[in-house]
Amino acid sequence: MSHPVISFEFFPPKTAEGIAKLRETRKQLAQLKPKFFSVTFGAGGSTRDRTMDTVLEIQNEGYEAAPHISCISSSKEEISALLDEYRAKNIRHLVALRGDVPSGEVSAGDFRHANELVAFIRRETGDWFEIEVAAYPEFHPESSSASADLKHFKAKVDAGADSAITQYFYNADAYFRFMDQCGALGIKVPVVPGIMPIYNFTQLSRFSSVCGADIPRWLRLRLQDYADDMPSLRSFGMDVVTDLCEQLLEGGAPGLHFYTLNQAGIISTILQRLALPAA
Ligand SMILES: Cc1cc2nc3c(=O)[nH]c(=O)nc-3n(C[C@H](O)[C@H](O)[C@H](O)COP(=O)(O)OP(=O)(O)OC[C@H]3O[C@@H](n4cnc5c(N)ncnc54)[C@H](O)[C@@H]3O)c2cc1C
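Here, residues in each chain are numbered from 1, in the same order as that chain's written sequence. This being a predicted model, a pLDDT of at least 70 is required before a residue's local features are given, and a value of 80 or more before pairs of side-chain atoms are given or counted; all residues contribute to the totals for chains, interfaces and linings. Heavy atoms throughout the structure, all of them, feed into the side-chain values; hydrogens and water do not.

1. Comments concerning the overall build of the protein chain
In plain terms, the rule: We count a stretch as a helix when DSSP gives it H or I for four or more residues in a row; a strand needs E for two or more, and each element gets its number in order from the N terminus. We compute the radius of gyration over the C-alpha atoms and compare it with the globule rule, which gives 2.2 Å times the number of residues raised to the power 0.38. With a 1.4 Å probe rolled over the protein chains alone, any residue whose accessible area is under 20% of its type maximum counts as buried; one over 50% counts as exposed, and the rest are partly exposed. Any two residues whose heavy atoms approach within 4.5 Å are treated as being in contact.
On a plain count of helices and strands, the protein chain comes out with 10 helices and 8 strands. Relative to a compact globule of 279 residues, whose C-alpha radius of gyration would be 19 Å, the protein chain shows 18 Å and is just as compact. Referenced to the eigenvectors of the C-alpha coordinate spread, the extents of the protein chain come out at roughly 50 × 45 × 45 Å. Here the protein chain, with 279 residues, has 48% of them falling under the buried criterion. Sequence separation of 24 or more characterises 79% of the internal contacts of the protein chain that already satisfy a separation of 6 or more.

2. Considerations on the site of the ligand
We count it as follows: Definition of nearness: a residue and a molecule or strand are near each other if at least one heavy atom of the residue lies within 4 Å of the molecule or strand. Polar contact is the term for a pair of N or O atoms within 3.5 Å; when the atoms are in protein, one must be able to donate a hydrogen and the other to accept it, and sequence-neighboring residues count only if both atoms are side-chain atoms. Accessible surface area values rest on a Shrake-Rupley calculation with a 1.4 Å probe, where residue burial reflects the displayed protein chains alone. Each residue gets one label: Ala, Val, Leu, Ile, Met, Phe, Trp, Tyr, Cys and Pro are nonpolar, Asp, Glu, Lys and Arg are charged, and the others, such as Gly, are polar.
Near the ligand you find 23 residues, and of these Phe41, Asp100, Tyr136, Asp149 and Lys156 are the closest. Asp100 is positioned with one of its side-chain polar atoms (N or O) 2.5 Å from an oxygen atom of the ligand. Measuring from an oxygen atom of the ligand, one finds a side-chain N or O atom of His140 at 2.8 Å. In isolation the ligand has 970 Å² of accessible area, and contact with the protein removes 85% of it. Broken down by class, the residue content of the shell around the ligand amounts to 8 nonpolar, 10 polar and 5 charged.

3. Details of the pattern of salt bridges
The condition is simple: Here, a salt bridge means any Lys or Arg side-chain nitrogen found within 4 Å of an Asp or Glu carboxyl oxygen.
Applying the stated rule across the entire model yields 13 salt bridges. Here Lys35 and Glu64 are joined by a salt bridge, their closest N and O atoms 3.6 Å apart. One end of the pair, Lys35, is in the loop between helix 1 (16-30) and strand 2 (36-39); the other, Glu64, is in the loop between helix 2 (48-60) and strand 3 (65-70), and 29 residues separate them in sequence. Here Asp49 makes a salt bridge to Arg48, at a shortest N to O gap of 4.0 Å. Through salt bridges with shared partners, a single network forms among Arg23, Arg26, Glu57 and Glu61.

4. Focus: the state of the cysteines
Inclusion rule: When two cysteine sulfur atoms are found within 2.5 Å, that pair is recorded as a disulfide.
Enumeration according to the criterion identifies 0 disulfides in this entry. Free cysteine Cys71: the closest other cysteine sulfur is in Cys211, separated by 18 Å. By relative accessible area, which is 0% here, Cys71 ends up buried. No disulfide involves Cys211; its sulfur sits 17 Å from the nearest other cysteine sulfur, which is in Cys245.

See below:
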């Protein structure tokens, strides 16, 4: 196994305490030699400045930083100004998304889907940015069918995406079958599995019902059993997620992208257990 590409995703903290905590998290995770740290972006630009500040801090520490950009509710002028700002700061890596439509939203802005954002970024900035897009091995909750979702994923790649990161999942077969289908459609870009460590069952259930990630019955029932016993839940969750990562890497996944929720402990343990070959 060659060294897999490891990356870590953060959300931009709101408070001074959150900023300090994220610095500590980053220090710990940096020891695991990730290729980059990415920072999420609230739909409609709600975290624009905090995402920018977090990204610049990461870059100033000497690490590669990849801001997420979501286009829903944004105008071309707003996205263009953001791209100019990132270019001026020498940021060269983006995660390009549509974003979730805010409830009660009427105007969706100038972009309907992420493929339009990717095409716009390429048109405006050529090859300046390495562009990642989202992929859904268990399919996006709004998609009318699996084949339509795959076709839409291909449209993002054809528009100029260099690689993709998946929504999280706990069923390795979903990823491998998705990759087979991508291969059949001629999609050749790396698709890195997104990994959600198990921190808390209530929170995981909430996230999963929104994003369409399946928590298999056996896993859900086991996690429910640990409801009041956090140490056991985390220990069991770590075993499950380490096993998932092993299966994915052994099956040829090019890397792992961790949804950190700005925490380092569980992920550090998982990566130590995986004992990856040196970078
Ligand atoms: C790795 C990762 C990071 C994320 N980071 C963020 C973040 O920072 N901020 C945030 O707000 N959200 C984030 N999200 C969530 C993401 O914004 C949502 O999942 C959103 O609902 C879809 O975004 P997308 O870029 O996949 O959209 P799209 O690719 O546009 O797809 C959205 C839906 O529309 C369909 N579709 C796509 N193109 C077309 C078309 N041309 N015609 C008709 N239907 C189409 C698709 O099948 C799908 O059902 C992230 C998701 C992932 C996997």
